[in-house]
Amino acid sequence: MIEPRPEIMNLPPYHPGRPAGVSAVINLAANENAWGPSPRVVEAWKSWEGGARYPDMDGLVLKDELSRVWGVSRETLLLGTGSGHLIKCLAETYVRPGDGVVTVFPTFSLYRQSTEMMAGRLLPLTGDGHQVDFSRLPAWVEATKPRIVFLCSPNNPTGDLAPSWIIEETLAALGAEGLLVVDEAYADFASAAPDLPKWIGERRTLAVLRTLSKAYGLAGLRIGALIADPVIIDAVSRVREPFPVSVPALAMGAVAVADETYRQEIVAAVAQGRRRLENALVERGWSVNRGAANFVWAAPGIAPRAARLKAELAARGVLTRHGDSFGAPDHLRITVGTAREIDTFLSVLDSILEEWGEQRE
Ligand SMILES: Cc1ncc(COP(=O)(O)O)c(C=O)c1O
């Protein structure tokens, strides 16, 4: 039988949040948007007229909407089948065997997967698993001189936001030969996030990733964007397969991005839900890392307790994400759902704790 390349069989499989075939009462495991996309998207979907033709390879209509809302030129944009696809394209474009790639642990698994797929060396800056300490990053980059830095901000799973000065200092430490990729999948939810797309014109070693899967509620349509210097866009577009974003995805994406009022409503609802969920878990004695994304990262006690809770919640139809795949088995990551979903989560949690004899005073 033909053997895969050795790098491939060492890759951990991707963890999708919701295991295949599992139906749940509520899914708080995948950081999706519980409210769904703008009603204008739902309306536009009804009049969609089929897919006999290939999509526009450049996605110009959607790109024009994105350039308008992000204040960037069209030449600095490249669309992909979700931002995860573009992470892989970046690794394929730039990571040579043996190249160092820095990340800050715990973080999103695709940086490791993409690096190792290309036989690069992952150089993770590790911490305590509860919070990431971005302040150590510039010195780590200075010491390791990697080819790429994947920085997730706000970070999945901890929710921490990297301030502007960290990004400035990391760029300085990296030098002209490297690339800092800031994955801003959750930046819509972080009111204090620096406006990085606007930095692109002046900083040629910075690339930014955005997605329509989170705040815009289009995870099922798979639309991501890379914002970078046109030289980088040109190189990455050579490895990206043709027509990565489907006809309905391009059309619905443009409708979603045009509805700024809806995006702001989602962002406000998530901020409110996140505070409520964080406070409720603190009240129950959990150690909560207050974050800036659409999920909460918290430890209910020692590791076996987190695993048991996750399993017990799932048995009752409430899916959460256990921190084991992030190397933090004492944590759970819980997506901020609607007010009703938070009610359900808390009441199911309380009934479990009550059965375990751990009633709240
Ligand atoms: C940090 C981060 N980046 C990228 C992605 C990929 O998102 P998508 O491929 O849906 O754009 C995710 C998905 O959860 C994520 O958490």
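Structure: see above.
Just so it is clear, the structure is predicted and the values come from calculations on it, not from any experiment.

What about the pairing of strand β5 (residues 148–152)?
Successive side chains on a regular strand alternate, one facing one side of the sheet and the next facing the other.
Link 1 in the chain: Within β5, 5 of the 5 residues are buried, leaving the element largely enclosed by the surrounding structure.
Link 2 in the chain: Because side chains alternate across β5, one face comprises the buried residues I148, F150 and C152, and the other comprises V149 and L151, equally buried.
Link 3 in the chain: Both strand β3 (residues 100–104) and β5 contribute to a ladder of 3 bridges, which runs parallel. From the neighbouring strand, V102 faces β5, where its bridge partner is V149.
Link 4 in the chain: Bridge count for β5 against strand β6 (residues 179–183) is 5 bridges, and the pairing is parallel. From the neighbouring strand, C152 faces β6, where its bridge partner is D183.

Thoughts on helix α6 (residues 137–144)
Link 1 in the chain: Of all the residues in α6, the buried ones are L137, P138 and V141. What you see down the axis of α6 is that its buried residues fit within an arc of 100°, all on one side.
Link 2 in the chain: Buried residues in α6 make contact with β3, β4 (121–125), β5 and α7 (164–174).
Link 3 in the chain: A positive phi of about 45° marks K145, the residue just after α6.

Here's the deal with the site of the ligand
Link 1 in the chain: Around the ligand sit 13 residues, and of these G82, S83, G84, T211 and S213 come closest.
Link 2 in the chain: Residue composition of the shell around the ligand, by class: 4 nonpolar, 8 polar and 1 charged.

Topic: the sheet that holds strand β13 (residues 332–335)
Link 1 in the chain: Strand order in the open sheet made by the 4 strands is β9-β10-β13-β12, with antiparallel pairing throughout. Single-partner strands in this sheet number two, and they are β9 (287–289) and β12 (321–322).
Link 2 in the chain: As paired strands, strand β10 (residues 295–299) and β13 are joined by 4 bridges and run antiparallel to one another. Considered in β13, the bridge of W297 is made with R333.
Link 3 in the chain: Set on the sheet, helix α10 (residues 260–283) makes contact with β9, β10 and β13; between it and β10 the angle comes to about 10°.

As for the pairing of strand β2 (residues 77–80)
Link 1 in the chain: The two faces of β2 match: L77 and L79 on one face and L78 and G80 on the other face are all buried.
Link 2 in the chain: Of the pairings in the sheet, the one linking β2 to strand β8 (residues 224–227) comprises 4 bridges and is antiparallel in character. By the bridge assignment, L79 is partnered in β8 with A225.

A look at α10
Link 1 in the chain: In this model, α10 (24 residues) spans 35 Å end to end at C-alpha, consistent with the 34 Å of a helix rising 1.5 Å per residue.
Link 2 in the chain: Lining the buried residues of α10 we find β9, β10, β13 and α12 (339–355).
Link 3 in the chain: Just downstream of α10 lies G285, where phi reads positive at about 85°.

The rules behind the values
- Residues numbered from 1 in each chain as written.
- Predicted model: local features only at pLDDT ≥ 70, side-chain atom pairs only at ≥ 80, totals over all residues.
- Buried ≥ 20, exposed ≤ 12 C-beta atoms within 10 Å, placed from the backbone.
- Helix = DSSP H or I, 4+ residues; strand = E, 2+ residues; numbered from the N terminus.
- Pairing = 2+ DSSP bridges.
- Arc of directions from axis to C-beta.
- Contact = placed C-beta atoms within 7 Å.
- Near = placed C-beta within 6 Å.
- Nonpolar A, V, L, I, M, F, W, Y, C, P; charged D, E, K, R; others polar.
- Axes fitted to C-alpha atoms, helices over the stretch in contact; angles between N-to-C directions.
- Expected span 1.5 Å × (residues − 1).

Everything listed is a geometric property; what it means functionally is a separate question.
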